[in-house]
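Listed below, chain by chain, are the residues.
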Protein chains: 2
Amino acid sequence: MMNNKYCVIMAGGIGTRFWPKSRQRMPKQFLDILGTGKSFIRHTFERFLPLVPAENFLVVTNYKYKDLVLEHLPELKEEQILCEPIGRNTAPCIAYATYTLMKKNPQAEMIVTPADHLILNEEDFRKIISECVSFAADHDAMMTVGIKPTRPDTGYGYIQVSNQEPISKVKCFTEKPNLELAQTFLQCGEFFWNSGIFIWKGTTIVEAFKKYLPEHHALFSEVEKADTPEAERAVIEKAFSECRAISIDYGIMEKADNVYVRCGEFGWSDIGTWGSVYQHSRKDRYANAVPEEGCYLYDVRSSIVSIPKDKIAVVSGLKEYIIVDTDDVLMICPRSEEQNIKKFIDEVKFHDGDKHI
Amino acid sequence: MMNNKYCVIMAGGIGTRFWPKSRQRMPKQFLDILGTGKSFIRHTFERFLPLVPAENFLVVTNYKYKDLVLEHLPELKEEQILCEPIGRNTAPCIAYATYTLMKKNPQAEMIVTPADHLILNEEDFRKIISECVSFAADHDAMMTVGIKPTRPDTGYGYIQVSNQEPISKVKCFTEKPNLELAQTFLQCGEFFWNSGIFIWKGTTIVEAFKKYLPEHHALFSEVEKADTPEAERAVIEKAFSECRAISIDYGIMEKADNVYVRCGEFGWSDIGTWGSVYQHSRKDRYANAVPEEGCYLYDVRSSIVSIPKDKIAVVSGLKEYIIVDTDDVLMICPRSEEQNIKKFIDEVKFHDGDKHI
């Protein structure tokens, strides 16, 4: 019997937020920034593997990363990697995966997940995902997973629930609120972080594309008619070049009225900043997040050090710094100034071009 | 006509004072720590080349560095590199060079110089050296070069002069005085830094070895009787294994009564610490000594940065730091704590063995 459950991993990020450790040629999803022994994408794959057979995974990524994906997930076949010619945010990414899946199995039930998040309690997480899958199978519902917030984070999207049931209809989405609003959200108890994980039947999301993003539907549904890989490729190239870049949240979730959220606590972080890497790393007795070997620290406190394997770092007299050393870039920056990394990258790019980016 | 002038470059140092830039396998004399485009030994060679023909140079070094010397001084033939089996301080080094030269040319006039000092005003320096060579040719004198001190440095040796003539008999040598004494020396006007550069006739220094270091004379003068390279090698191996390690200053200069000094000012430094590297490097407008390319500094002041070619450093928020990055070691240390480098090396050695030293 055909297994109708599919997992779509969105791995198209080209972010350089963890520069110089993340690079255009090696973005965060392929890194092991927390030193766990596995990349984010590998963790994501293994997290869903108890729920979805390996042959039912799809990874959507930029064509440049196809080989990297296959290297990190050797269980997958080449045809399970969907290559975006260009990043167009999550709606086109999901459309590509959806219509490709529907062509293969119109009964498809989909779990859509980012490739680069941290989940500490995977058992609890899978229980919640399973509930969502069941709910979505029985309803024409677009499910999302909400995280109980622990701080007034202004970098996340928030979901307001209609009631306190485990699975609640969504009242409202709010993208990145200011601090005051985020504080209100935290106190109110009705707001949850948007994890960016979605669960739905293929038929449900197709209906939503038809209704809310008809252009995307028109462009991407062409893939179902393509009768050769070359024809499919041509449809996708055309679709990505012509479609509007838009997030699934903004394009569909915020507009639809069949959106539900299952809220939970399972130790989630999108590990979006060096600060969150620091927070989730094991610390030595001076609160330094450093590799187990190779760091010689003298009067160093509350700092994070990342060095290449086989290299050593001798550091003296620093407090609350980020030190990231790679083959071709060394970055030393106070933790309080990590938001400047973007500026650093721009200046390096301006002077040295792309080679260190 | 045979040119009797010889230059002996003492290049046996295995110092790790500039660790991690200097290494056991790549000591300071082979580095371009100041970013001048040439190594210290290359500068030393070129400094004396207007006075001494290339074929009259000898370099005394540890056998491990023979190839490095030939690489930096391709003008020299292999037989111009004298290989010490083990470092035994300057007296054995000079004995080795002296008896090797005397065998070749008993009329030899010698200039002996460290390989790794900085001289800013080379024209003035050569004038002074030429004066010394003339004086030594006409007298049975052991000449040394004194430097007018500019600060009460406690790391140098001091030479007290008997009078204020350009060439004066030496009254007294004082090795590394304490700060109080060094301050007195500076005020007094009779004391000069010992540059470690010596000028004498071969016959003069041989007489001094006979008188003050007779064991060294006995061991090293055997080289004159050796009639094959193999026999010479055997003499040298035996001499170094049996001779006492002693400096030429302590063994001969402090005891002899025919020691003269020519004092001068020509921008000398032994570049013995990162502090002196900093002092002699070109600084940017925030007083940072950094390479011309590859450094992106934000709110960084009075610091020194050394990175490998083709690597970039992005540094934010540091004041008075030493940042030295090499292929396998990164060191970040306040300038005020550079004396701790020795301690760092010891700990790295203890945990990781010699591979990073």
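This one's a predicted model, so the numbers in the text were calculated from it and none came from an experiment. (Residues numbered from 1 in each chain as written. Chains lettered and ligands numbered in written order. Predicted model: local features only at pLDDT ≥ 70, side-chain atom pairs only at ≥ 80, totals over all residues. Heavy atoms only, no water.)

(A) Expanded view of the packing of helix H3 (residues 90-104) of chain B against helix H6 (residues 202-212) of chain B. Residues and elements named next belong to chain B. Packing of H3 against H6 brings their axes to within 10 Å, and their N-to-C directions diverge by 130°. In terms of their interaxial angle, H3 and H6 are classed as oblique. Classified by chirality, the crossing of H6 by H3 is left-handed. Residues Ala91, Ile94, Ala95, Thr98, Tyr99 and Met102 of H3 lie in contact with H6, whose contacting residues are Gly202, Thr203, Ile205, Val206 and Phe209. Here the residues of the contact of H3 with H6 sort into eight nonpolar, three polar and no charged. (Axes fitted to C-alpha atoms, helices over the stretch in contact; angles between N-to-C directions. Helix = DSSP H or I, 4+ residues; strand = E, 2+ residues; numbered from the N terminus. Parallel < 35°, antiparallel > 145°, perpendicular 65-115°, else oblique. Left-handed = near helix turned anticlockwise from the far one by under 90°. Contact = heavy atoms within 4.5 Å. Nonpolar A, V, L, I, M, F, W, Y, C, P; charged D, E, K, R; others polar.)

(B) View of the relation of the copies chain B and chain A. You can overlay chain B on chain A at an RMSD of 0.1 Å; the transform is a turn of 179° with a shift of 0.1 Å along its axis. Read as a symmetry element, the transformation amounts to a two-fold axis. No C-alpha of chain B lies nearer the rotation axis than that of Asp327 of chain B, which sits 3.9 Å from it. In this assembly the copies share their binding face: 100% of the residues contributing to the interface of chain B also contribute to that of chain A. (Least-squares fit on C-alpha atoms with pLDDT ≥ 70 in both.)

(C) Here's a closer look at the packing of H3 of chain B against helix H8 (residues 229-242) of chain B. All names here are of chain B. For the pair H3 and H8, interaxial distance at closest approach is 11 Å and the crossing angle is 155°. Between H3 and H8, the angle is such that the two are roughly antiparallel. With respect to the hand of their crossing, H3 and H8 are arranged in right-handed fashion. Contact residues: H3 offers Pro92, Cys93, Tyr96 and Lys103, while H8 offers Glu232, Arg233, Ile236 and Phe240. The class makeup of the residues in the contact of H3 with H8 is five nonpolar, no polar and three charged.

(D) Representation of the sheet that holds strand S15 (residues 321-325) of chain A. Across the sheet, which stays open at both edges, the five strands sit in the order S13(A)-S15(A)-S16(A)-S14(B)-S12(B) with mixed pairing between neighbours. Two strands close off the open sheet at either side, each with one partner strand: strand S13 (304-306) of chain A together with strand S12 (295-301) of chain B. Each adjacent strand pair in this sheet contributes to an overall mean axis angle of 5°, direction not counted. Seen against the sheet, helix H11 (residues 341-352) of chain A touches strand S16 (329-334) of chain A together with S12 and strand S14 (312-319) of chain B and runs at an angle of roughly 135° to S12 of chain B. (Pairing = 2+ DSSP bridges.)

(E) Quick peek at the environment of Trp200 of chain A. Residue and element names in this part refer to chain A. Checked against the element boundaries, Trp200 lands in strand S9 (residues 191-201). Along the primary structure Trp200 and Phe18 are separated by 182 residues, whereas in three dimensions their C-alpha atoms are 32 Å apart. The contact partners of Trp200, leaving out residues within four places of it in the chain, are Ile94, Glu109, Met110, Val112, Ala136, Ala141, Met142, Ile205, Ile248 and Met253.

(F) Molecular detail of the interface of chain B and chain A. The partner chain A presents 32 residues to the 32 residues of chain B that form the contact. Counting the surface lost from both chain B and chain A, the interface buries some 2600 Å², and carbon and sulfur atoms represent 59% of this. Two residues, Asp325 of chain B and Lys311 of chain A, come together in a salt bridge whose shortest N-O distance is 2.6 Å. The interface formed by chain B and chain A includes 22 residue pairs in polar contact (both at pLDDT 80 or more). Mapped onto the side of chain B that touches chain A, the elements with two or more residues apiece are S12, S14, strand S15 (321-325), strand S16 (329-334) and helix H11 (341-352) of chain B. Of the residues that constitute the side of chain B that touches chain A, the class distribution is 18 nonpolar, five polar and nine charged. Sheet topology note: the S16 of chain A/S14 of chain B ladder contains four bridges and is parallel. Residue pairing for S14 of chain B: Ile332 of chain A is matched across the bridge by Val315 of chain B. (Buried area = accessible area lost by both parts, 1.4 Å probe. Salt bridge = Lys/Arg side-chain N within 4 Å of Asp/Glu carboxyl O. Polar contact = N/O pair within 3.5 Å; in protein donor to acceptor, adjacent residues only side chain to side chain.)

(G) Looking closely at the pairing of strand S10 (residues 259-264) of chain B. Residues and elements named next belong to chain B. A large share of S10 lies buried, amounting to six of its six residues. What you see with S10 is no split at all: Val259, Val261 and Cys263 on one side and Tyr260, Arg262 and Gly264 on the other are buried throughout. As paired strands, strand S6 (residues 142-147) and S10 are joined by six bridges and run parallel to one another. Within S10, the position partnered with Met143 by the bridge is Tyr260. (Buried < 20%, exposed > 50% of the residue type's maximum accessible area, 1.4 Å probe, protein only.)

(H) Representation of the confidence of the model for chain A in the model. With 99% of its residues at a pLDDT of 70 or more, chain A has an overall mean of 95. Confidence metrics for the complex model read pTM 0.86 and ipTM 0.85. (pLDDT = per-residue confidence, 0-100.)

(I) Structural context of the packing of aromatic side chains. Following the criterion strictly, the structure yields 32 aromatic pairs over all chains and no others. Taking 3.8 Å as the distance between ring centres and 10° as the angle between the ring planes, the aromatic pair formed by Phe185 of chain B and Phe191 of chain B counts as stacked. Across the pair, exposure class does not vary: Phe185 of chain B and Phe191 of chain B are buried alike. Among the aromatic residues, those joined into a cluster by ring pairs are Phe48, Phe125 and Phe266 of chain A. Sitting over the face of the ring of Phe40 of chain B, Lys28 of chain B holds its NZ or CZ atom 5.2 Å from the ring centroid. In this structure, Lys283 of chain B is placed above the aromatic ring of Tyr278 of chain B, and the distance from its NZ or CZ to the ring centre is 4.7 Å. (Phe/Tyr/Trp six-rings, centres within 6.5 Å; stacked < 30°, edge-to-face > 60°. Lys NZ or Arg CZ within 6 Å of the ring centre and 35° of its normal.)

(J) Inspection of the sheet that holds strand S14 (residues 312-319) of chain A at higher detail. Sheet architecture is open: five strands sit in the order S12(A)-S14(A)-S16(B)-S15(B)-S13(B), paired in mixed fashion. One side of each edge strand has no neighbouring strand; the edge strands of this open sheet are strand S12 (295-301) of chain A together with strand S13 (304-306) of chain B. The average undirected angle you get between the axes of adjacent strands in this sheet is 5°.

(K) How the structure looks around the pattern of salt bridges. Residues and elements named next belong to chain B. A full pass over the atoms with the stated rule returns 45 salt bridges over all chains. A salt bridge links Asp346 to Lys342, with the shortest nitrogen-to-oxygen separation between them at 3.2 Å. With a gap of four residues between them, Asp346 and Lys342 both fall in helix H11, about one helical turn apart. Given the relative accessible area of 54%, Lys342 is considered exposed.

(L) The arrangement of the environment of Pro149 of chain B in detail. Residues and elements named next belong to chain B. Positionally, Pro149 belongs in the loop between S6 and strand S7 (158-161). Residue classification places Pro149 among the buried positions, given a relative accessible area of 12%. For the pair Pro149 and Thr113, spaced 36 residues apart in sequence, the C-alpha separation works out to 19 Å. Other than its neighbours up to four places away in sequence, Pro149 contacts Tyr158, Leu186, Phe191, Phe192 and Trp193.

(M) Layout of the side chain of Gln80 of chain B. Residues and elements named next belong to chain B. Structurally, the position occupied by Gln80 is in the loop between helix H2 (66-72) and strand S3 (81-84). Classification of Gln80 by relative accessible area gives buried; the value is 6%. A polar contact is formed between the side chain of Gln80 and the backbone nitrogen of Lys77, at a distance of 2.8 Å. Leaving out residues up to four positions away in the same chain, Gln80 has contacts with Ala54, Glu55, Asn56, Phe57, Leu58, Val59 and Glu75.

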